Amino acid sequence: MPAACESVLEDIEDIVSAQDLKPHERQSVRKNIFPKVRKRSSHKNIHTDDDPPSDSIIPGAQKIWIRTWGCSHNNSDGEYMAGQLAAYGYKITENSAEADLWLLNSCTVKNPAEDHFRNSIKKAQEGNKKVVLAGCVPQAQPRQDYLKGLSIIGVQQIDRVVEVVEETIKGHSVRLLGQKKDNGKRLGGARLDLPKIRKNPLIEIISINTGCLNACTYCKTKHARGDLASYPIEELVDRAKQSFQEGVCEIWLTSEDTGAYGRDIGTDLPTLLWKLVEAIPEGAMLRLGMTNPPYILEHLEEMAKILNHPRVYAFLHIPVQSASDSVLMDMKREYCVADFKQVVDFLKEKVPGITIATDIICGFPGETDEDFQETMKLVDQYRFPSLFINQFYPRPGTPAAKMHQVPAAVKKQRTKDLSQLFHSYNPYNHKVGERQRVLVTEESFDCNYYVAHNRFYEQVLVPKDPLLMGKMVEVNIYEAGKHFMKGQPVSDARVYTASITRPLAKGEVSGLTEECRHALQNGSHWKAHPSAEIPLKTPASSRMALQLLWPQEGLKILSISLAFLAVLVTFYYGRM
């Protein structure tokens, strides 16, 4: 049997046999070949105006609807994403039906919030909307079946939302779920100086850190936000100063646990707060976010001094969750009921009139009737003016979901009993007749009043006088309800204005120079001065800068030209 290769090829031309056509013969034969005309399919390769090919889509011309669920940290993320998209040229709309893309910013704390999120995805798909998902749900469990094939922007990647939206509109699926690091150290998240659209132009929400140091057995947020990562004090102070320059009169500090701030970068919460207090102008206020008992215990003296400052609300949100030490141990809350009482008692003594808000979980696995009665006694003892009551929901993937569950009927009844106790007392009746100084920041849900808050962050409804908005005024309290008081402005009292700067209009982008803002308002009629600055350094921000520096028509012509070139190339190779 002959070998596979009986001889060695000296040259590639040795492959050609004597019977093969010579090059000049091939050329002569080609004259007798006639091209065959192929009929184009009547169904393929036809793009209607409603569904253009992805290469012909011009990014930045679409309308986007943004929906956010959950905490103030999540709301801040939503504001940043809206600002970047608007700065790039997209139109942020409040009408979901007219939007080309839905950006759904989710919350994973409770089952109902995730159910709303899932239903919104389904509704968007039924309406043939493009969808981008954000927030804690897809970050914590990106492989869930109902998330398959959809674009996801991670909680630490919100500075790249423009890229994700752009690719999604082109028909691609993009997922950015990584963590931001500097020399291997985890950062707090996206830059604080990114453009944003404040939901309320008078209120700036600043996330001072992300993640936490706890490992609560019921918490799914930890899976999404991870361990503690704090922003440097200088960046936070700079963000606050910029906000006041844009007409903001109230700042909210937020995070998963503000009390743990700075432990990863060698500082602490009181140090940050004293620096922020220096930057707060007269007539403006600072509100602290939620803090867990273990970390505030170390700073009680300093925290009392800060909460007594005239430009800081005497308000603190300290979740207790349960008044049973055995339940707290099963939750891995890292404190006991005595610790919580020590914090509350100390602050009530040192900060007269302080508002303490707290959270209660009803029906945590293993909670007995005796455990629940301890919680009822605690609420009856302190009569919290603000109480967040939550029926326990087992979150998939958490240790508490594997514990022995309290029957649903029992959880429901305990929630009802605690709610009845909470509504049995009125915390503000004794304040009728008082004269209070309040800061007016928003409109009530029924649109009949303006909403203000007094020194203790208690809600006071005042008449809808446009001259009051954003101002600190004195009012006489003439009526009190369960969650509010009503006040009449004192005619001869001094009115404080936090800033001489006009607040941004609703929907206006924060964090842009005047030239960039003018560009968004006038489109192609603006060209950047060589010295114009856009204070952004991320990849997405570079693309936003390009969008602002080029005339709109130039971008459109370039996009159309590239699309036409792609068609020519496809046609050429199709004939070969």
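Residues numbered from 1 in each chain as written. Predicted model: local features only at pLDDT ≥ 70, side-chain atom pairs only at ≥ 80, totals over all residues. Heavy atoms only, no water.

Two elements, strand β1 (residues 63-68) and strand β2 (residues 91-93), share three bridges in a ladder whose sense is parallel. Bridged to Trp-65 within β2 is Thr-93. Handedness of the β1-helix α2 (residues 72-88)-β2 crossover: right-handed. Here β1 pairs with strand β3 (residues 101-106) via five bridges, running parallel. (Pairing = 2+ DSSP bridges. Helix = DSSP H or I, 4+ residues; strand = E, 2+ residues; numbered from the N terminus. Right-handed = clockwise from strand over helix to strand, strands pointing away.)

Each packed pair of helices is defined by two parameters, the angle between the axes and the distance between the axes. At their nearest, the axes of helix α8 (residues 269-279) and helix α10 (residues 300-307) sit 10 Å apart, and the two run at 20 degrees to each other. When the axis of α8 is compared with that of α10, the two are roughly parallel. Helix-helix and strand crossings are classified by hand; for α8 and α10 the assignment is left-handed. On α10, the residues that touch Leu-269, Pro-270, Leu-273 and Trp-274 of α8 are Glu-302, Met-303, Lys-305 and Ile-306. In the contact of α8 with α10, the residues fall into six nonpolar, no polar and two charged. (Axes fitted to C-alpha atoms, helices over the stretch in contact; angles between N-to-C directions. Parallel < 35°, antiparallel > 145°, perpendicular 65-115°, else oblique. Left-handed = near helix turned anticlockwise from the far one by under 90°. Contact = heavy atoms within 4.5 Å. Nonpolar A, V, L, I, M, F, W, Y, C, P; charged D, E, K, R; others polar.)

Take the side chain of Thr-375 next. One can find Thr-375 in helix α13 (residues 369-382). By relative accessible area, which is 1% here, Thr-375 ends up buried. Look past the residues within four positions of Thr-375 in its chain and what remains in contact with it is Ser-322, Ala-323 and Ile-360. (Buried < 20%, exposed > 50% of the residue type's maximum accessible area, 1.4 Å probe, protein only.)

Scored by pLDDT, the protein chain has a mean of 84; 78% of the residues are at 70 or more. Counted against residues more than four places away or in other chains, residues 1-24, with its pLDDT under 50, gives three contacts. Ignoring residues within four places in sequence, the model shows residues 524-556, a span with pLDDT below 50, making 53 contacts including any to other chains. (pLDDT = per-residue confidence, 0-100.)

Pairing is parallel across the open sheet formed by three strands, whose spatial order is β9-β12-β13. With partners counted over all chains shown, the strands left at the sheet margins are β9 (203-207) and β13 (285-287), one partner each. Averaged over all pairs of adjacent strands, the angle between strand axes in this sheet comes to 20 degrees, irrespective of strand direction. Looking at chain direction, β9 and strand β12 (residues 250-254) are connected through five bridges and run parallel. Paired with Ile-203 across the bridge in β12 is Glu-250.

We now examine α2. Helix length check: α2, at 17 residues, gives a terminal C-alpha distance of 25 Å against a target of 24 Å (1.5 Å per residue), a fit within 8%. Among the 17 residues of α2, 16 are classified as buried, and the element is accordingly described as predominantly covered. Where α2 terminates, the next one or two residues include Gly-89, which has phi positive at roughly 120 degrees. (Expected span 1.5 Å × (residues − 1).)

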